[in-house]
Amino acid sequence: MKRSNPGFSRRGLALGGLAAPLLAGRASAQALPVPPAMLEQGAPVEAAPYGKPAPTEAGVVRRSRLGAENQPILGTAGSTLTPHGDLDGIITPNGLHFLRHHAGTPSIAPEQHRLLVHGLVERPLVFTMDQLRRFPTVSRLHFLECSGNTPFFQQARIRPDWTVQDTHGLLSCAEWTGVRLADVLAEAGVKPGAAWMLAEGADAAGLTRSIPVAKALDDAMLCWAQNGEALRPEQGYPLRLFLPGYEGNTSVKWLRRLKLDTQPFMTREETSKYTSLMPDGSAKQFNFTMAVKSVITRPSGGQTMGAPGFREISGIAWSGRGTVRRVEVSTDGGATWQDAQLQAPVLDKCLTRFRLPWQWQGGPALLASRATDSTGEVQPTRAALLAETGPFHVYHYNGIQLWQVQADGNVRNAY
Amino acid sequence: MRISGLVAAAALLLAAGHAGAQPRYGLGTPATAEQVRGWDIDVRPDGAGLPPGRGSVAAGAGLYAQHCAACHGPAGAEGALVPALRLAGGQGSLRSARPLLTVGSYWPYATTLFDYVRRAMPFNAPQSLTAEELYSVTGYVLHLNGLLPADAVVDAASLAALRMPNRDGFRPTAEGR
């Protein structure tokens, strides 16, 4: 059965292996059977030196978004998504953190890796990983969201069979550990007039973004650990930049170089890509911070409701501008709203779990969540967002997500 | 914007305060000019970072056919692996019902094209082209967009001086000003 949320199941999940007397809601006079696992020794203590999920969870994996236009180009330029419909709490397991790669995952020997800091600094410096790890360290919980998450601007590209993995899977959350970038830059000595910092990755795209020095000196980190262990190769091993609240691609992975200058460098990733076309033909540029947003993860697209009765509606909310102050939930498509409970901890630039008890009577329902952040900004409807951006935007969609619970209990993407 | 500017100014003052100070932790090793030269591959919009040398649109045609056409199409338009890999066409389409974003219609700086090709292309062998080859293939893509004649020679000065059609099409948010 589907773990701790018996109300919702992945469609097609087999009930095979479950003894009939254990099926919920059906009274039985038979004694509960003794589980076979109690009658013999389990797997050896040292059988799993690095533990993995239970074999029956093998379907909880990253994958590309459904749709031909979302498949990787030549295998290495693409993205895979976090399966939020199968996750609980706010932390994304390291093996399920989304990735978006421009040239695949490089293989880097940490003892060979170097970080070069140069440009408008008093002392150009080269750091080894060992040297970086000697700085005072800091750990913080933050979400990371790709600016291309939730591609709902162009209606023709939206699919009703998309799950929350397809719609919101370019979002993850982890505890990140590293050094404050401000401390590293202070070692080099930032010269007056340095207003921008080029960050460059050591992948085959040499991915580069220009970052305001004000952000670099504020809350930016150079990270080597994620959820307590070394970064996974797909997350930038051995070193990545992390910019809390900023669009994901600016947190450059496999970081090898930081160069300070007076002006932005106008790289491909801040001109040709990661800019958004406005209705008047101009393009919005340097749109860094991810705005307030939320999504119901249970029930959500692709899940089935099962029998009528009590359910908990559950989801995640976040804002790149601060904390989540409030999440409202609607079961009637936004006609009426109720305040959801926010699960502690509620942290700055971090996912917040919200919950609302719900008696589902059976029959159709249109579920939605609407978040408000600590700046007072409220998540907009899709219509309101499109009225501002036009249909040719590609990035920073943060509209209210609708899930249609159908009469047959199947849940579909109603965007 | 005003608040952002103030924050930036305050940050710069703080940074300036650090500048004269001695390093606090004594970590890191001084980077020599020779070391920096090995990795310093970025190109700025004003042309800083462009290497010596020159190329030609004519030489770029053969290089393009050899290294680029398979994914981007024989002329950077039809035949691209996916629409996002189109390099040419679309000028004047940004305000239309079917905007087509290419080097010619959208990219604000020709220097960005050189920088990106140098660091990331050809897809199967990044950083493999010589400076002369990079100038040539950059020139050829600009030629495919009608921005350089077939007999053009390309070098650092001419690339930095080339004014792209959408040069003034970008509006930075308050965070980027």
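It should be emphasised that the depicted structure is a prediction, and the values quoted were computed from it without experimental measurement.

The subject of this paragraph is the overall build of chain A. Regarding its fold elements, chain A presents five helices and 25 strands. In terms of overall size, chain A behaves like a compact globule, its C-alpha atoms giving a radius of gyration of 23 Å where 415 residues would be expected to give roughly 22 Å. Out of the 415 residues belonging to chain A, those deemed buried represent 56%. Residue pairs at least 24 apart in sequence account for 72% of intrachain contacts in chain A once pairs closer than 6 positions are excluded. With an accessible surface of roughly 16300 Å², chain A has 55% of that area assigned to carbon and sulfur atoms.

Moving on: the overall build of chain B. Counting its secondary structure elements, chain B contains seven helices and four strands. The linear arrangement of helices and strands in chain B, starting from the amino end, is α-β-α-β-α-α-α-α-β-α-β. Counting every position in chain B, which comprises 177 residues, the buried fraction comes to 44%. In chain B, 59% of the contacts between residues at least 6 apart in sequence involve partners at least 24 apart. For chain B, the accessible surface area stands at approximately 9000 Å², while carbon and sulfur atoms represent 58% of it.

Residues Leu132, Leu181, Met197 and Leu222 of chain A are the most contacted members of the largest nonpolar core, which totals 40 residues. Of all the elements in the fold, those that place two or more residues in this core are β4 (114-119), β5 (125-128), α1 (129-132), α3 (181-188), β8 (196-201), α4 (213-218), β10 (221-226) and β13 (255-261) of chain A. Excluding residues within four positions of it along the chain, Leu181 of chain A makes contact with Met197, Ala216, Ala220, Met221, Leu222, Leu241 and Leu258 of chain A. Counting 35 residues, the second-largest nonpolar core is a separate cluster that includes Trp107, Ala120, Leu129 and Leu147 of chain B.

A few words now on the domain arrangement of chain A. Residues and elements named next belong to chain A. Considered domain by domain, chain A is made up of domain 1 (101-160 + 170-281) and domain 2 (293-413). Here the C-alpha centre of domain 2 lies 29 Å away from the C-alpha centre of domain 1. For the domain 1 and domain 2 pair, buried surface summed over both sides reaches about 2500 Å², with 60% attributable to carbon and sulfur atoms. Counting every contact that joins domain 1 to domain 2 gives two salt bridges. A salt bridge links Asp219 to Lys349, with the shortest nitrogen-to-oxygen separation between them at 3.8 Å. Considering only residue class, the side of domain 1 that touches domain 2 consists of 13 nonpolar, 10 polar and five charged.

Before going further, it helps to spend a moment on the sheet that holds strand β23 (residues 365-373) of chain A. Residues and elements named next belong to chain A. The five strands are arranged β20-β19-β23-β24-β25 in an open sheet whose pairing can be described as antiparallel. Of all strands in the sheet, those bounded by a partner on one side alone are β20 (338-339) and β25 (411-413). One ladder, built from four bridges, connects β23 with strand β24 (residues 402-405); its direction is antiparallel. Looking at β24, one finds that Leu367 is bridged to Trp403.

As a further point, take the packing of aromatic side chains. Residues and elements named next belong to chain A. Enumeration over the complete set of coordinates arrives at 15 aromatic pairs over all chains. Between the aromatic rings of Tyr246 and Phe288, the centroid separation amounts to 4.7 Å while the plane-to-plane angle is 0°, which identifies the pairing as stacked. In this pair, Tyr246 is assigned in the loop between β12 (240-242) and β13 and Phe288 in the loop between β15 (283-285) and β16 (293-298), connecting sequence segments 42 residues apart. Classification of Tyr246 by relative accessible area gives buried; the value is 7%.

Counting from both sides, the interface comprises 64 residues of chain A and, opposite them, 55 residues of chain B. Approximately 5000 Å² of surface area, both sides summed, lies buried where chain A meets chain B, with 60% of it carried by carbon and sulfur atoms. Among the residues of chain A in contact with chain B, Glu187, Arg256 and Arg268 of chain A are the three that bury the most area, contributing 11% of the side total. Where chain A meets chain B, there are seven salt bridges.

This structure, assessed with the given rule, holds zero disulfides over all chains. No disulfide involves Cys350 of chain A; its sulfur sits 3.6 Å from the nearest other cysteine sulfur, which is in Cys173 of chain A. With no disulfide of its own, Cys71 of chain B lies 9.1 Å from the sulfur of Cys68 of chain B, the closest cysteine sulfur.

Right, let's talk about empty space enclosed by the protein for a bit. All names here are of chain A. Within the structure shown, the criterion is met by four cavities of 30 Å³ or more. For the largest cavity, the calculated volume is near 220 Å³. In terms of lining residues, the largest cavity is bounded by 18 residues, among which Arg100, Gly248, Asn249, Ser251 and Lys253 are the most central. Among the elements that take part in the lining of the largest cavity, strand β3 (residues 99-101) stands out by supplying three residues, more than any other. Considered class by class, the residues forming the lining of the largest cavity number eight nonpolar, six polar and four charged.

Together, Val34, Met38 and Leu39 of chain A line one region of the surface with nonpolar side chains, adding up to about 370 Å² of accessible area. Summarising the element assignment, Val34 of chain A is placed in the loop between β1 (9-10) and β2 (78-80).

Once that is clear, we can look at the environment of Pro212 of chain A. For Pro212 of chain A, the position within the fold is in strand β9 (residues 208-212). Taking the C-alpha atoms as reference points, Pro212 of chain A and Leu386 of chain A, 174 residues apart in sequence, are found 28 Å from one another. Those residues in contact with Pro212 of chain A that lie beyond four places of it in its chain are Ala195, Trp196, Tyr246 and Phe288 of chain A together with Glu175 of chain B.

Another aspect to go through is the pattern of salt bridges. This model, assessed by the stated rule, comprises 33 salt bridges over all chains. Arg257 of chain A is the salt-bridge partner of Glu200 of chain A, the closest N and O atoms lying 2.8 Å from each other. Residue Glu200 of chain A is located in strand β8, and its partner Arg257 of chain A is located in strand β13; the two are separated by 57 residues in the primary sequence. Residue Arg257 of chain A is classed as buried on the basis of its relative accessible area, which comes to 0%. Shared partners join several salt bridges into a network, and the residues in it are Glu200, Arg256, Arg257 and Lys259 of chain A together with Asp40, Asp42, Asp115 and Arg119 of chain B.

Residue and element names in this part refer to chain B. Remark: helix α3 (residues 57-67) packs on helix α6 (residues 131-144), axes separated minimally by 7 Å, with the N-to-C direction vectors making an angle of 90°. Of the possible angle classes, the one that applies to α3 and α6 is roughly perpendicular. Mapping the contact onto sequence places Val57, Ala59, Gly60, Ala61, Leu63 and Tyr64 in α3 and Glu133, Ser136, Val137, Gly139, Tyr140, Val141, His143 and Leu144 in α6. By residue class, the composition of the contact of α3 with α6 is nine nonpolar, four polar and one charged.

Reading the values: rules and limits
- Residues numbered from 1 in each chain as written.
- Chains lettered and ligands numbered in written order.
- Predicted model: local features only at pLDDT ≥ 70, side-chain atom pairs only at ≥ 80, totals over all residues.
- Heavy atoms only, no water.
- Helix = DSSP H or I, 4+ residues; strand = E, 2+ residues; numbered from the N terminus.
- Rg over C-alpha atoms; globule rule 2.2 N^0.38 Å.
- Buried < 20%, exposed > 50% of the residue type's maximum accessible area, 1.4 Å probe, protein only.
- Contact = heavy atoms within 4.5 Å.
- Areas by Shrake-Rupley, 256 points an atom, 1.4 Å probe, with all protein chains shown as cover.
- Core = buried A, V, L, I, M, F, W, Y, C linked by side-chain atoms within 4.5 Å.
- Domains from an automatic or database assignment.
- Buried area = accessible area lost by both parts, 1.4 Å probe.
- Salt bridge = Lys/Arg side-chain N within 4 Å of Asp/Glu carboxyl O.
- Nonpolar A, V, L, I, M, F, W, Y, C, P; charged D, E, K, R; others polar.
- Pairing = 2+ DSSP bridges.
- Phe/Tyr/Trp six-rings, centres within 6.5 Å; stacked < 30°, edge-to-face > 60°.
- Disulfide = S-S within 2.5 Å.
- 1 Å grid on protein atoms, 1.4 Å probe; cavity = no way out; pocket = protein on both sides within 12 Å on 5 of 7 lines; lining within 4 Å.
- Points joined across faces, edges and corners; volume = space filled by probe spheres on them.
- Patch = residues over 30% accessible without salt bridge, like charges linked within 9 Å, V, L, I, M, F, W, Y side chains within 5 Å.
- Axes fitted to C-alpha atoms, helices over the stretch in contact; angles between N-to-C directions.
- Parallel < 35°, antiparallel > 145°, perpendicular 65-115°, else oblique.

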